[in-house]
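So the chains spell out like this:
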Amino acid sequence: MDFYIELRRFDFLLVKPFWFHYVIRMFFSIVILEILFTLNLLNIANRFVIAFLTPLLFPIVLQNLIIEIGGEGINIRDIFSRFREAIIEGMQSRLRSKKVWIQTKLLNSSLSNDYLKQQCLFLAPGSAEFDRLEKYLSQKDKEEVRVGYIKELTRWDGIKHAKELLKGEK
């Protein structure tokens, strides 16, 4: 859930580093669960309650876990935080690359500037945003106008709509 909050997308589920992160967290949750069962640290007879509490306890334990190896302290929380940040950064980089790829395809497509303008008109969050775009583009040459429409198309409605435009072109 924290990945969705950060990225506002679900495609992180398609990325291997996310699943690696998830499996490691799941492994540590199971280890904590087994330690709780083995040491009988909780006086709760119902194991389903313990199984429910363990994923909730894991972040608390993880935040305070520092392991000393050879006199050096290793903060496990920092390791997981850096790994999570690396996954999110990779996802954002992947999204930017995909966006540039689709923008390049649109730029090289045979779609007219008038058609791109019409799409922007329908996709604009409001008339003020579209008017701002038109005012800005009125001072540009034909190629810059095309780039401006394409950038706003992908910003306002994302990559999915742009792909649909390209499918309709063929």
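Below, the structure is looked at part by part. Note that this is a predicted model, so its numbers are computed, not measured.

### Focus: the overall build of the chain
- Per the secondary structure count, the chain includes seven helices and two strands.
- Along the chain, helices (α) and strands (β) appear in the sequence α-α-α-β-β-α-α-α-α when read from the amino end.
- The 170 residues of the chain split such that 28% are buried.
- Once local pairs closer than 6 in sequence are excluded, the contacts in the chain between residues at least 24 apart make up 64%.
- Of the accessible surface of the chain, which amounts to about 12,000 Å², a share of 59% is contributed by carbon and sulfur atoms.

### Some thoughts on helix α6 (residues 127-137)
- Listed as buried for α6 are Phe130, Leu133 and Leu137. Down the axis of α6, the buried set is contained in an arc of 60 degrees. They therefore lie on one face. Within α6, the exposed residues directed more than 90 degrees away from the buried face are Ser127, Ala128 and Lys135.

### Notes on a nonpolar patch on the surface
- The grouping of Phe10, Leu13, Trp19, Tyr22, Val23, Met26 and Ile30 at the surface amounts to a nonpolar patch, some 670 Å² of accessible area in total.
- Its relative accessible area of 38% is what places tryptophan 19 among the partly exposed residues.

### Here's the deal with the environment of aspartate 141
- When you line up the elements, aspartate 141 lands in the loop between α6 and α7 (142-169).
- The exposure class of aspartate 141 is partly exposed, given its relative accessible area of 43%.
- A polar side-chain atom of aspartate 141 sits 2.9 Å from the main-chain amide nitrogen of glutamate 144.

### Some remarks on helix α2 (residues 16-39)
- Taking 1.5 Å of rise per residue, the 24 residues of α2 would be expected to cover 34 Å, and the 34 Å separating its terminal C-alpha atoms lies within 8% of that figure.
- Burial in α2 covers these residues: Phe18, His21, Ser29, Ile32, Leu33 and Leu36.
- In the stretch just after α2, asparagine 40 is the one whose phi turns positive, near 50 degrees.

Reading the values: the criteria
- Residues numbered from 1 in each chain as written.
- Predicted model: local features only at pLDDT ≥ 70, side-chain atom pairs only at ≥ 80, totals over all residues.
- Heavy atoms only, no water.
- Helix = DSSP H or I, 4+ residues; strand = E, 2+ residues; numbered from the N terminus.
- Buried < 20%, exposed > 50% of the residue type's maximum accessible area, 1.4 Å probe, protein only.
- Contact = heavy atoms within 4.5 Å.
- Areas by Shrake-Rupley, 256 points an atom, 1.4 Å probe, with all protein chains shown as cover.
- Arc of directions from axis to C-beta.
- Patch = residues over 30% accessible without salt bridge, like charges linked within 9 Å, V, L, I, M, F, W, Y side chains within 5 Å.
- Salt bridge = Lys/Arg side-chain N within 4 Å of Asp/Glu carboxyl O.
- Polar contact = N/O pair within 3.5 Å; in protein donor to acceptor, adjacent residues only side chain to side chain.
- Expected span 1.5 Å × (residues − 1).

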